[in-house]
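# Topology and contacts: notes
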Amino acid sequence: MAVLKILKFPNPILLRRSRVVEIVRPEDRELLDSMLETMRFNQGIGLAAPQVGISKRIIVIDIGRGPIELINPVINKRAGSEKWEEGCLSLSGITLKIKRAKRIGYKGLDREGRLVEAEAEGLLARAIQHEIDHLDGRLLIYYANPIKRIYLKRILLKSSCL
Ligand code: ZN
């Protein structure tokens, strides 16, 4: 277990689609442990593997009700919508109001490779949608209109040069 370095925009790994985990191996379980440690160290409520430089479909979330670990997560149900302010550990210094589904159904594998299927709403649903976005290389700034996106990129590039 270790606290890993979190990649920041515009690192290309953050903009890439991550690959499916075919078989859950010990190294993936180790990665899950380190991701949880890294997330807690940075006081985040979620983290996706590409944020620590690993292009695999693995996410961790903890909104204060205990850790959730998901490998190859997919959303199979969406209901309602809600707009809420979001930040991201890979995008220091910016927050954006993002419209997302209020309730979702999701599935994925746990650390033993067993199928997990559940439903979530509110903050947990939002966190899962945010982290799955990372696996598709989609960052918060993707949701901004083109003019705001240019402005936000400028802020991010400035902060990454410090
Ligand atoms: Zn994020």
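See the structure shown above.
Description of the structure in this document. (Residues numbered from 1 in each chain as written. Predicted model: local features only at pLDDT ≥ 70, side-chain atom pairs only at ≥ 80, totals over all residues. Heavy atoms only, no water.)

### A closer look at the coordination of the zinc ion
Rule in force here: Metal donors were taken as nitrogen, oxygen and sulfur atoms no farther than 2.8 Å from the ion, or 3.2 Å where the ion is Na, K or Ca. Water is excluded, so coordination may look unfinished. Only DSSP runs of H or I reaching four residues or more are called helices, and only runs of E reaching two or more are called strands; each is numbered from the N terminus. Under the scheme applied here, a residue whose accessible area is under 20% of the maximum for its type counts as buried, over 50% as exposed, and between as partly exposed, the area being computed with a 1.4 Å probe on protein chains only.
Within the protein, C88 (SG), H130 (NE2) and H134 (NE2) serve as the donor atoms for the zinc ion, at 2.0 to 2.2 Å. The motif formed by the donor residues of the zinc ion, counted along the single chain, is C-x41-H-x3-H. Remark: H134 occurs in helix α2 (residues 122–135) and C88 occurs in the loop between β4 (82–86) and β5 (96–100); sequence separation between them is 46 residues. Each member of the pair C88 and H134 is classed as buried.

### Concerning the pattern of salt bridges
Condition: Here, a salt bridge means any side-chain nitrogen of Lys or Arg that lies within 4 Å of a carboxyl oxygen of Asp or Glu.
With the rule as written, the count across this model stands at 13 salt bridges. Between D110 and R114 there is a salt bridge whose closest N-O contact spans 2.9 Å. With relative accessibility at 16%, the residue D110 sits in the buried group. For R114, a relative accessible area of 53% corresponds to the exposed category.

### Observations regarding the sheet that holds strand β7 (residues 115–121)
Condition: Pairing between strands is defined by DSSP: at least two bridges between the two strands are required. Every angle, taken between N-to-C directions, lies between 0 and 180 degrees, and every axis is a line fitted to C-alpha atoms, over only the stretch in contact when it is a helix. Note on contacts: a residue pair qualifies if any of its non-hydrogen atoms lie within 4.5 Å across the two residues.
Spatially, the 5 strands line up as an open sheet ordered β1-β2-β3-β6-β7, and their pairing is antiparallel. Single-partner strands in this sheet number two, and they are β1 (46–48) and β7. Across the sheet, the axes of successive neighbouring strands diverge by a mean angle of 35 degrees, strand direction being ignored. Against the sheet, helix α1 (residues 26–41) engages β1, β2 (58–61) and β3 (68–79), with an angle of about 40 degrees to β2. Lying on the sheet, α2 is in contact with β1, β2, β3, β6 (103–109) and β7; it crosses β2 at an angle near 155 degrees.

### Here we look at the side chain of S18
Tracing the backbone shows S18 in the segment before α1. With a relative accessible area of 5%, S18 lands in the buried category. Leave out the neighbours within four places in its chain, and S18 touches P50, S55, K56, R57 and L135.

### Some words on the environment of W84
With respect to the helices and strands, the residue W84 is situated in strand β4. A relative accessible area of 54% places W84 in the exposed class. Along the backbone, W84 and L96 are 12 residues apart, and their C-alpha atoms lie at a distance of 7.9 Å. Among all residues touching W84, those that are not within four sequence positions of it are L96, K97, I98 and R126.

### Observations concerning the packing of aromatic side chains
To keep things clear, this is the line we draw: Side-chain rings of Phe, Tyr and Trp (the six-membered ring for Trp) are treated as a pair once their centres are within 6.5 Å; stacked means planes under 30 degrees apart, edge-to-face means over 60, and tilted covers the remaining angles.
Scanning the model with the defined rule gives 1 aromatic pair in all. Centroid distance Y142 to Y143: 5.3 Å. Interplanar angle 85 degrees. Geometry classified as edge-to-face.

### Here's the deal with the pairing of β5
Here β5 shows a buried face lined by L96, I98 and R100 and an unburied face lined by K97 and K99. Bridge count for β4 against β5 is 5 bridges, and the pairing is antiparallel. Looking at the pairing, K83 lines up with K99 of β5.

### Focus on a positive patch on the surface
Worth spelling out the cut-off: Without a salt bridge and with relative accessible area above 30%, a residue can belong to a patch; like charges are then joined within 9 Å and nonpolar side chains (Val, Leu, Ile, Met, Phe, Trp, Tyr) within 5 Å. Residue burial considers only the protein chains on display, and all accessible areas are found by Shrake-Rupley using a 1.4 Å probe. Charge counting treats Lys and Arg as positive and Asp and Glu as negative, with His and both chain ends excluded. Working definition for charges: the position is that of NZ of Lys, CZ of Arg, CG of Asp or CD of Glu.
On the surface, K83, K97, K99 and K148 cluster together to form a positively charged patch. The residue K97 is located in strand β5 in this model.

### Some remarks on unusual backbone geometry
The linkage connecting F9 with the following residue, P10, adopts the cis geometry, with an omega of 10 degrees. As for its placement among the helices and strands, P10 is situated in the segment before α1. Of note, N72 is a non-glycine position whose phi angle comes to about 50 degrees, a positive value. Judged by relative accessible area, which is 17%, N72 ranks as buried.

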